[in-house]
Amino acid sequence: MTQPTPPPKRTAKEKIGTPRPPMREQPPLERARNFLEVPFGYGPEQAMVEAERCLACGKPHCMEGCPVGNDIPTFLRQIAEGNFAGAARTMKETNLLPAICGRVCPQETQCEALCVIGKRGEPIAIGRLERFIGDWERESGAVEVPECAAPTGRKVAIIGSGPAGLTCAADVARAGHRVVVYEALQKPGGVLRYGIPEFRLPKAIIDAELTLLERMGVEIRCNEVIGMTDTIDELLVEEGYDAVFVATGAGLPWFLGIPGENALGVYSANEFLTRTNLMGAWRFPEYDTPVQRLNVVATIGGGNVAMDAARTALRLGAERSLIVYRRGLDELPARAEEVHHAQEEGVEFHLLTNPVEILSDARTGWVQALRCQRMELGEPDASGRRRPSPVPDSEFDLALGTVIIAIGNAPNPLIPRTTPDLDVSRKGQIVVDQESMKSSKRGVFAGGDIVRGAATVILAMGDGRRAAASINEYLESGKW
Ligand SMILES: Cc1cc2nc3c(=O)[nH]c(=O)nc-3n(C[C@H](O)[C@H](O)[C@H](O)COP(=O)(O)OP(=O)(O)OC[C@H]3O[C@@H](n4cnc5c(N)ncnc54)[C@H](O)[C@@H]3O)c2cc1C
Ligand code: SF4
């Protein structure tokens, strides 16, 4: 591979005044009917030019916004110099999943939000560069397996193979401990695999990053539901594990509690996306789990999950895909980029609209319409967003054939239910010490969505790293 020539050096003023290179994307109406990834990513020249804009601040504020502590200025300098292998090595010191984080992390509210250049110009495109370096390493075949210390004879069980579990597994394996990851589903990756669709995060990228973990000696056992196949006590006492990290996520969907919710054609977003992503409904009949034929689909909710479901519905052939959300555009919790992509692709936004009943055909039981009421916004509530309240006598019906409910998830309850001496909050989250990720039970640590409720990939990874440091320390000192 020929080494690209580093771009000419620019003054600080020039760097601040230069916008980021745009990232090419599939045209909206074309991509709305296929599952191929939407943006194409930077090439080497674009990446070097963008990385060279970094001011290499003495006090890099960008790093304060990164929950896993990536050494951002160093990896940017290495990219600018064309030292991509060095940049990949720097990145993997703290983050084993750069190609994933570069695609799904909300950088605009984290590292990029704190980049000093953002005060007067466009902040450095840290996320796009992270993605570039992860992709470059994978595609060039130059993947370096991080070194692991000599085996210690200690054994750690990790329950759940989402970002929290995988990150913890990497850091514990590096310390020389044997790691076994238990996963309830037939394939590892957690939400990365079963929730986030192919057009945002291709499965081949998850597979490649998992292969790296396996090359570090981590064993992943699928189809093992801890709490049913084994309990945590059995893992610790009978199976001889020295520590357990619980990273079982928040996969229990909330429902609206409105009449008609059990009609045929009503899905939770979890079921709809799992059928599509994990069970291959998007490749039916090659895979044999279909979703019902879609005509008009309403997705209820305004977060990333709702955007993923609404955009997936279009790609599965829906004539119209609607977002129904009770607040306004400014209150949508989804990433701005996801909302923008959904709008471009033709998803219709029915805002200030609150569903009150699902109407179905009395003979067949299939959904026919969504009864809604108009809403108006009042003063901000505890979440800081303006509180919606119903407009009197404003009910109307939206005719449709499928309803997807994407209003949030609660923590998976099985582990808390089968581990009696584990402290659990009223909301079902495992209670831990925020620094050490230690639970109330000796030898048991927890992190990610099972502790936070539905949050983000990078926060789950940050928990996984902190838990790993604490597990390694516990295994060395024996102190709880
Ligand atoms: C559709 C969707 C889109 C999202 N988009 C984004 C995004 O763009 N950016 C972002 O930052 N975040 C996003 N999120 C949130 C993010 O994916 C989660 O916060 C993150 O995956 C949580 O990681 P985790 O490791 O805690 O749990 P998960 O990823 O939920 O993984 C938990 C794993 O544990 C397994 N498990 C559960 N119980 C057991 C058991 N008893 N035994 C064995 N295994 C078990 C589950 O099968 C699962 O594989 C999205 C979430 C969804 C649902
Ligand atoms: S804050 Fe911005 S300019 Fe400064 S080191 Fe971080 S990325 Fe570079």
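Residues numbered from 1 in each chain as written. Chains lettered and ligands numbered in written order. Predicted model: local features only at pLDDT ≥ 70, side-chain atom pairs only at ≥ 80, totals over all residues. Heavy atoms only, no water.

Colleague: Outline the domain arrangement of the protein chain, listing residues and values.
Modeller: Domain annotation of the protein chain identifies domain 1 (12-140), domain 2 (155-251 + 411-477) and domain 3 (253-409). The C-alpha centroid of domain 3 is placed 32 Å from the C-alpha centroid of domain 1. Domain 1 puts 15 residues into the contact, and the matching count from domain 3 is 15 residues. Interface area for domain 1 against domain 3, summed over the two sides, is near 1200 Å², with a carbon-plus-sulfur share of 48%. The tally of links between domain 1 and domain 3 comes to three salt bridges. Linking domain 1 to domain 3 there are 11 residue pairs in polar contact (both at pLDDT 80 or more). Breaking the side of domain 1 that touches domain 3 down by element, the ones donating at least two residues are α2 (28-31) and α7 (98-104). (Domains from an automatic or database assignment. Contact = heavy atoms within 4.5 Å. Buried area = accessible area lost by both parts, 1.4 Å probe. Salt bridge = Lys/Arg side-chain N within 4 Å of Asp/Glu carboxyl O. Polar contact = N/O pair within 3.5 Å; in protein donor to acceptor, adjacent residues only side chain to side chain. Helix = DSSP H or I, 4+ residues; strand = E, 2+ residues; numbered from the N terminus.)

Colleague: An account of the packing of aromatic side chains is needed here, citing residue identities and associated values.
Modeller: If you walk through the whole model with that rule in mind, you get eight aromatic pairs. With a centroid separation of 5.6 Å and an interplanar angle of 65°, the aromatic rings of F84 and W136 are classed as edge-to-face. Placement of the pair is F84 in helix α6 (residues 84-94) and W136 in helix α9 (residues 126-140), with a sequence separation of 52 residues. A residue is classified by how much of its surface remains accessible, and F84, at 5% relative accessible area, is buried. Seen from their ring centres, Y474 and W480 are 5.2 Å apart, and the 75° between their planes marks the pair as edge-to-face. (Phe/Tyr/Trp six-rings, centres within 6.5 Å; stacked < 30°, edge-to-face > 60°. Buried < 20%, exposed > 50% of the residue type's maximum accessible area, 1.4 Å probe, protein only.)

Colleague: I'd love a proper account of the sheet that holds strand β14 (residues 402-405), names of residues and values included.
Modeller: Spatial strand order, β6-β14-β7-β8-β9: five strands in an open sheet with parallel pairing. Of all the strands in the sheet, the pair left with one neighbour each is β6 (266-268) and β9 (348-350). Here the average twist between neighbouring strands, direction ignored, is 25°. Taken together, the five bridges between strand β7 (residues 296-300) and strand β8 (residues 320-324) define a ladder with parallel strand orientation. By the bridge assignment for β8, T299 is matched with I323. Contacts between helix α14 (residues 269-277) and the sheet are confined to β6 and β14, with β6 contributing the most and set at about 85° to the helix. (Pairing = 2+ DSSP bridges. Axes fitted to C-alpha atoms, helices over the stretch in contact; angles between N-to-C directions.)

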